[in-house]
There are 2 protein chains.
Amino acid sequence: IERRDDQVIIDLFAEEHTADIAEIIDELSNDDATYLFRLLDSEKTAEALLDIDEDDRARILSKLSEKEIAEHIDELDTDDAADLIGSLSNERQNIVLSNIEDGDHAKDIAELLQYDEDTAGGLMAKELVKVNENWTVPNCVRKMRSQAQEVTRVHSIYVVDNKNVLKGRLSLKDLLVAPASATISEISIPKVDFVNVNDKAEEVARIMQKYDLEAIPVVDSENHLLGRITIDDIVDVIKEEAEKDYQMAAGLTDDVEADDSIIDLTKARLPWLVLGLFGGTAAASIMGGFDEALKNYPELFFFTPLIAAMAGNVGVQSSAIIVQGLAKDNLRGSLLNRMFKEISLALVNGVFLALIVFSLGLLLKYPMKVCSTISISLIIVIIIASLVGTFVPLILHKKGIDPAVATGPFITTCNDIFGIFIFFTIAKLILGF
Amino acid sequence: IERRDDQVIIDLFAEEHTADIAEIIDELSNDDATYLFRLLDSEKTAEALLDIDEDDRARILSKLSEKEIAEHIDELDTDDAADLIGSLSNERQNIVLSNIEDGDHAKDIAELLQYDEDTAGGLMAKELVKVNENWTVPNCVRKMRSQAQEVTRVHSIYVVDNKNVLKGRLSLKDLLVAPASATISEISIPKVDFVNVNDKAEEVARIMQKYDLEAIPVVDSENHLLGRITIDDIVDVIKEEAEKDYQMAAGLTDDVEADDSIIDLTKARLPWLVLGLFGGTAAASIMGGFDEALKNYPELFFFTPLIAAMAGNVGVQSSAIIVQGLAKDNLRGSLLNRMFKEISLALVNGVFLALIVFSLGLLLKYPMKVCSTISISLIIVIIIASLVGTFVPLILHKKGIDPAVATGPFITTCNDIFGIFIFFTIAKLILGF
């Protein structure tokens, strides 16, 4: 089909949804994709350009001229346009901006480009419906109609004063039933949630979820209305946040995908592995320090991987619960209570697991003394691992570090080393080698 | 403040947002919370009831009479009402339903209660604005106005025929500019995305995200319009999905929170730990089988925790990348290509790590022969662990099992055992003990 048969292709894509076009483009070679972008109407391809994979997008953008990119940008809302232009070099950004036909649109996009991606400013769009509190109802309806043309979805109508300071919001229903003589300030609702342009994206996501908002206005420090953020952008923030935690738990340092290059994948995977390697070597030298036990109690060495694995697993479980509690902001009670609870929990789990390992040890015909040593150590290791797992994320969080780091191989490695050291120390005390 | 000073409390809460009320209630004892629910206007508390913690909600509901619950339900949209009632016993459900004043509301809720929570039917609300394709424009505007009263947010207007079959959607703008003589079928847009009432919640979430929809109509197998799903419900689905993956990666089997009881926490944590215990014991007996090496090459035993940990980490990293690729549905290319790439990647990482461990081993003054053995085994273990990590989630996915299981302790435990077995087998081949 991709044999450059223009008309057939145009007809074929005429009815397709942009998200589906994006999927097709993901499957194509870069040349074919670029050809398709030039051929199809920019109204369709502009949206598709947002939906395709980041790497593919970069490659296609590098093949299109600044003028062609500007044509695509013309079709996009300011927030999407800024995201798209933001991925270009500074030089190309300026050329593209100067090629945009609508001057106001270009100015809005240039403004959005100044804000950090991870803030409310980086998420917001300039498109919104706002009315002046001094307008009369008929005047307002007339002006709103022209504003609404540019806004894909209206969501909310914001009320500002003459200085563009956010004063409240307006319900469409109230507007429709209001007498023609009323001014907007008489029928507007003064209570309105808003965020500051410098607020963190996660904070915006939290507020919008908590109050179940579909859009929220963004203001500067003097309460001037700058833009608005809609729920679809927040869905992306939530997903990225969740993915970041998951990747950290799995020991990946970068946002990578299965189809990234081997270099990118190595960069994401190697750092934690190197950490694990040093941890493992440290564990090895600790065990080397207890080599007197080798002759009489070789079983201890057979069971170290088990002790290390249990310490790691228990630590990660404890951390994950705390990390989620911190994210949902629903941790209650004092630190002392938490410690007491975590110790009780570890004791319950530990005793149960120790009984199993004791029975298994006897089944494998290990000496009774060794089995008791392993069981007792296991209980103590589990208690300590769960305390480390609980308090490390709490401390990280207090220091302003993402607590999800704790669920990654970092805690596991630490607990491995701790666990092995404790295991052999207790064994030495009990067995006296 | 909670000394039952009714009027003060009512005034205090008058201006509070329901989500904030919910937060306050979470902090209160059950008696105080129940008292508050009885005191405050059900318009406020109904929404708050949805926002509070599940366990607290169950306890408060058990203290309120069926009639009191019905009053709360009256204030809620059908989807929220069904969720709330759904947590009660069947017997109480029926009493509450019969206590709801508005008969249509009760009937709608009873219908929603039939659907499985994880399907489109379980997510949808009955509140929507629909118009008949045969209506004229003025008739439509009149009828819409009365429907819109009951719907918090309009989002979309759906067009149906006389048999309630979904025919398309209507843009408010088109309706406003249409001549009075036009019928709805002339100005409606026939292209409309929809989902079946039995579609899985995750599938609905995927479609709504892909096409960037804020609401989607739900139909039965004969295309009768049954309800609609809005983006805020989808946000919850996405979050739960992400949390489930994260918890599985951390080795938790249930959705638990830090403040749950020790029994609930144990239930969520113990299963994977027991698995790990059996895995560790298996590893111990494998090592026991190679005990001839103890005399001459004790260093091998010092390094087993390292080998096991590296096998585990590499496996989880590979799995996590595949799990995310499956979730985003962006895995391309053949299995053979993927295998080739994974082996190359493991080789790059493995050789690099092997060089480090070789140098560290020499630093610790281990015999050259032992260091080479450890390094070579490490490379092979990493290759095998990454293949296991890549293909196990793919196989699970094909069998209809959630591939995220693979990132949990299951893969780690398997890789531990594999890794240790491979390590000693290679060591025996090289060192010949």
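First, a word on what this report is: a plain description of the structure on this page. Every value quoted in this text rests on a predicted model; they were computed, and no experiment measured them.

### Structural notes on the overall build of chain A
Helix and strand counts for chain A come out as 21 helices and six strands. Scaling as 2.2 N^0.38, a compact globule of 433 residues should have a C-alpha radius of gyration of about 22 Å, whereas chain A reaches 30 Å, well beyond that. With the C-alpha coordinates aligned to their principal axes, the bounding extent of chain A is approximately 95 × 60 × 35 Å. Expressed as a percentage of the 433 residues in chain A, the buried residues total 54%. For chain A, the proportion of contacts with a sequence separation of at least 24, taken over those separated by at least 6, is 66%. Accessible surface, chain A: about 19,400 Å² in total, of which carbon and sulfur atoms supply 54%. Each charge sign in chain A was given a centre, from 39 positive and 72 negative side chains, and these centres are 9 Å apart.

### Description of the interface of chain B and chain A
Counting residues at the interface gives 101 residues for chain B, matched by 102 residues for chain A. When chain B packs against chain A, close to 9,400 Å² is buried across both sides, 62% of that on carbon and sulfur atoms. Across the contact surface, chain B and chain A share four salt bridges. Of the charged contacts in the structure, one is a salt bridge between B:Glu342 and A:Arg269, with a shortest N-O distance of 3.3 Å. Where chain B meets chain A, there are 18 residue pairs in polar contact (both at pLDDT 80 or more). Here the side of chain B that touches chain A gets 18 residues from one element, more than from any other, and that element is helix α18 (residues 299–328) of chain B. Class assignment of the residues belonging to the side of chain B that touches chain A gives a composition of 51 nonpolar, 22 polar and 28 charged.

### Focus: the sheet that holds strand β4 (residues 195–196) of chain B
All names here are of chain B. Spatially, β4-β5-β6 is the arrangement adopted by the three strands of the open sheet, whose pairing is mixed. For this open sheet the edge positions go to β4 and β6 (225–230), each flanked by a neighbour on one side alone. Bridging between β4 and strand β5 (residues 215–219) involves two bridges; their strand directions are parallel. Paired with valine 195 across the two strands is valine 218, which belongs to β5.

### Digging into the packing of helix α14 (residues 201–210) of chain A against helix α15 (residues 231–249) of chain A
Residue and element names in this part refer to chain A. It is at 10 Å that the axes of α14 and α15 come closest, and there the two elements cross at 115 degrees. The two elements α14 and α15 cross, and the hand of that crossing is left-handed. For the pair α14 and α15, the contacting residues are Ala201, Glu202, Val204, Ala205, Met208 and Gln209 in the first and Ile231, Ile234, Val237, Ile238 and Glu241 in the second. Split into classes, the residues belonging to the contact of α14 with α15 amount to eight nonpolar, one polar and two charged.

### What to know about helix α9 (residues 103–113) of chain A
All names here are of chain A. Along α9, the positions that sit buried rather than exposed are His105, Ala106, Ile109 and Leu112. Down the axis of α9, the buried set is contained in an arc of 125 degrees. They therefore lie on one face. Exposed side of α9, more than 90 degrees from the buried face: Asp104 and Lys107 are the residues found there. Where α9 is buried, its residues touch α6 (66–74), α7 (78–86), α8 (90–99) and α10 (120–123). Sitting at the head of α9, aspartate 102 places a side-chain oxygen 3.1 Å from the backbone nitrogen of aspartate 104.

### Notes on the relation of the copies chain B and chain A
After a rotation of 180 degrees and a shift along the axis of 0.0 Å, chain B superposes on chain A with an RMSD of 0.1 Å. With respect to symmetry, the two chain copies, as superposed, fit the operation of a two-fold axis. Most of the interface of chain B is mirrored in chain A, where 100% of its interface residues again form contacts.

### A closer look at the pattern of salt bridges
Opposite charge on two side chains permits pairing when their charged atoms draw close. If you walk through the whole model with that rule in mind, you get 14 salt bridges over all chains. Across the pair B:Asp20 and A:Lys210 runs a salt bridge whose closest N-O atoms are separated by 2.9 Å. Here B:Asp20, found in helix α2 (residues 18–27), pairs with A:Lys210, found in helix α14, and the two come from separate chains. Judged by its relative accessible area of 18%, B:Asp20 falls in the buried class. By relative accessible area, A:Lys210 is classed as partly exposed at 22%. The salt bridge involving B:Arg92 is made with B:Glu66; its shortest N-O contact spans 3.0 Å. Within this pair, whereas B:Arg92 is found in helix α8 (residues 90–99), its partner B:Glu66 is found in helix α6 (residues 66–74), the two being separated by 26 residues in sequence. For B:Arg92, a relative accessible area of 18% gives the class buried.

### Observations concerning the side chain of A:Arg92
Engagement of the side chain of A:Arg92 in a polar contact is seen with the side chain of A:Glu66, the distance being 3.0 Å. Apart from the residues within four sequence positions on either side, A:Arg92 is in contact with A:Leu61, A:Ser62, A:Leu64, A:Ser65, A:Glu66 and A:Ile69.

### Regarding the pairing of strand β5 (residues 215–219) of chain A
The two faces of a sheet get side chains in turn, since along a regular strand they alternate between them. Residues and elements named next belong to chain A. Burial of β5 is extensive: five of the five residues sit out of reach of the surface. Of the two faces of β5, the one carrying Ala215, Pro217 and Val219 and the one carrying Ile216 and Val218 are both buried. In terms of strand pairing, β5 meets strand β6 (residues 225–230) through five bridges, oriented antiparallel. Residue pairing in the sheet places alanine 215 in a bridge with threonine 230 of β6.

Parameters at a glance
Residues numbered from 1 in each chain as written. Chains lettered and ligands numbered in written order. Predicted model: local features only at pLDDT ≥ 70, side-chain atom pairs only at ≥ 80, totals over all residues. Heavy atoms only, no water. Helix = DSSP H or I, 4+ residues; strand = E, 2+ residues; numbered from the N terminus. Rg over C-alpha atoms; globule rule 2.2 N^0.38 Å. Buried < 20%, exposed > 50% of the residue type's maximum accessible area, 1.4 Å probe, protein only. Contact = heavy atoms within 4.5 Å. Areas by Shrake-Rupley, 256 points an atom, 1.4 Å probe, with all protein chains shown as cover. Lys, Arg positive; Asp, Glu negative; His and termini not counted. Charge placed at Lys NZ, Arg CZ, Asp CG, Glu CD. Buried area = accessible area lost by both parts, 1.4 Å probe. Salt bridge = Lys/Arg side-chain N within 4 Å of Asp/Glu carboxyl O. Polar contact = N/O pair within 3.5 Å; in protein donor to acceptor, adjacent residues only side chain to side chain. Nonpolar A, V, L, I, M, F, W, Y, C, P; charged D, E, K, R; others polar. Pairing = 2+ DSSP bridges. Axes fitted to C-alpha atoms, helices over the stretch in contact; angles between N-to-C directions. Left-handed = near helix turned anticlockwise from the far one by under 90°. Arc of directions from axis to C-beta. Least-squares fit on C-alpha atoms with pLDDT ≥ 70 in both.

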